[in-house]
Amino acid sequence: MPPSARDPDPTDPRDPAATGSSYGVGATGVGSWPGTDVREALRVVRGELTTTVPEGVVGVPYLPELPARGPGADLLGRSAHLLVDLPVDLQPQGWRLVDRPGRDHDRTGGWWRQDLDELAEALDGYDGPLKLQVAGPWTLAAGVWLPLGDRVLSDRGASRDLAASLAEGAAGHVADVRRLVPGASMVLQLDEPSLTAVSRGRIRSESGYSVLRTPEPAELVGALGAVVDAARGAGAAQVVVHSCASDVPLDLLRRAGVDAVSLDTGLLGRPGWEAVAGLLDAGVRLWAGVLPTDEPGAAEAAVDRVLTPWRELGLPLADLTALMVTPSCGLAGSTPEAARAVTATTTQVAARLAEAATG
């Protein structure tokens, strides 16, 4: 659906509802954050993405993920905890489906309760867009193990059940956060770093001597679409799929009905940018990961990473107002000071792109 045909969306930088009265380029983070103090992480994220945002920029704060806290704070364990009627436990291979919840499930639940309590306090009275992140169905299927056997991906029925369980759990998560921060417009990001490998048959078996099955495109689209639809049904204004991998199957994401794709643009190359241009024509927005996490002050270079291919493809500069600027990947490997600097620079890059969009 072209952008002009969409309903008004307060998380869309092109919509006046997103800024109150004017258009603006968006700025946000991917999700992960260094350290173990979620209260401090939320304070920095809210400050950099709401309080100090330049004019013409739409900052989108998010609930940071802190994997340094340990098992259950990692992407897979944290997301698997949201599965409905599919408990997991941490075993030598990794997170595995089990008959009943145990100690690892309880510890992960404790992290979630702490995070949501701190989120409600940090964003008390907030009335703008707010982003949440969970692993997508194919990254979970490639990373979570069956009770007796290989990864969930190895079994078509188990993969289908996991996607349905995630759809229900993600919808419940969105609904919970809407109650905690009632003024927020919810954005759900599905992290799918394994989607490229799954779609190309590159996930190896436990023995390493063979590869697991390659789902058909319709199965890949169906699982993603189920989570997208459930999140929207729970009140998510926008659903985004993020991947830092190369060769992300963008057409699959378009067919799954996502609102935006979040990519490391440094991996695109000319063919990748041409594929992105096709998504833009179809009304799917781009969240551009243009800021390397090890170059927190490189705003000018980041701006050029967008403007150069944009102009080469003949895309209208005015369409930059539909863009969201992000770091190229998560910030868990940075220091807290560097993470803050990168976050601040995303808003600077967004401001410069907003200037380019308006001439």
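Residues numbered from 1 in each chain as written. Predicted model: local features only at pLDDT ≥ 70, side-chain atom pairs only at ≥ 80, totals over all residues. Heavy atoms only, no water.

Here we take up the overall build of the protein chain. Along the protein chain, the regular secondary structure elements total twelve helices and ten strands. For 359 residues, the compact-globule estimate of 2.2 N^0.38 gives 21 Å, and the C-alpha radius of gyration of the protein chain, at 19 Å, lies within 12% of that figure. Summarising its shape, the C-alpha atoms of the protein chain cover approximately 60 × 45 × 40 Å along the three principal directions. Considering the protein chain as a whole, with its 359 residues, one finds that 55% of them fall into the buried category. Summed over all atoms, the accessible surface of the protein chain reaches about 14,200 Å², with 50% contributed by carbon and sulfur. Counting 31 positive and 46 negative side-chain charges, the protein chain places the averaged centre of each group 3 Å from the other. (Helix = DSSP H or I, 4+ residues; strand = E, 2+ residues; numbered from the N terminus. Rg over C-alpha atoms; globule rule 2.2 N^0.38 Å. Buried < 20%, exposed > 50% of the residue type's maximum accessible area, 1.4 Å probe, protein only. Areas by Shrake-Rupley, 256 points an atom, 1.4 Å probe, with all protein chains shown as cover. Lys, Arg positive; Asp, Glu negative; His and termini not counted. Charge placed at Lys NZ, Arg CZ, Asp CG, Glu CD.)

Here we come to the packing of helix H2 (residues 38-51) against helix H4 (residues 103-122). The description of two helices packed together rests on the angle between their axes and the distance between the axes. The N-to-C vectors of H2 and H4 enclose an angle of 40 degrees; their axes lie 10 Å apart at closest approach. The hand of the H2/H4 crossing is right-handed. Contacts between H2 and H4 pair Val38, Arg39, Leu42 and Arg46 from the former with Gln114, Asp115, Glu118, Leu119, Glu121 and Ala122 from the latter. Tallied by class, the residues present in the contact of H2 with H4 amount to four nonpolar, one polar and five charged. (Axes fitted to C-alpha atoms, helices over the stretch in contact; angles between N-to-C directions. Left-handed = near helix turned anticlockwise from the far one by under 90°. Contact = heavy atoms within 4.5 Å. Nonpolar A, V, L, I, M, F, W, Y, C, P; charged D, E, K, R; others polar.)

Enumeration according to the criterion identifies 15 salt bridges in this entry. Note that Asp150 and Arg151 form a salt bridge whose closest N and O atoms lie 3.6 Å from each other. Asp150 gets classed as buried once you look at its relative accessible area, which sits at 15%. Where Glu274 meets Arg270, a salt bridge forms, and the shortest distance between an N and an O atom there is 3.0 Å. (Salt bridge = Lys/Arg side-chain N within 4 Å of Asp/Glu carboxyl O.)

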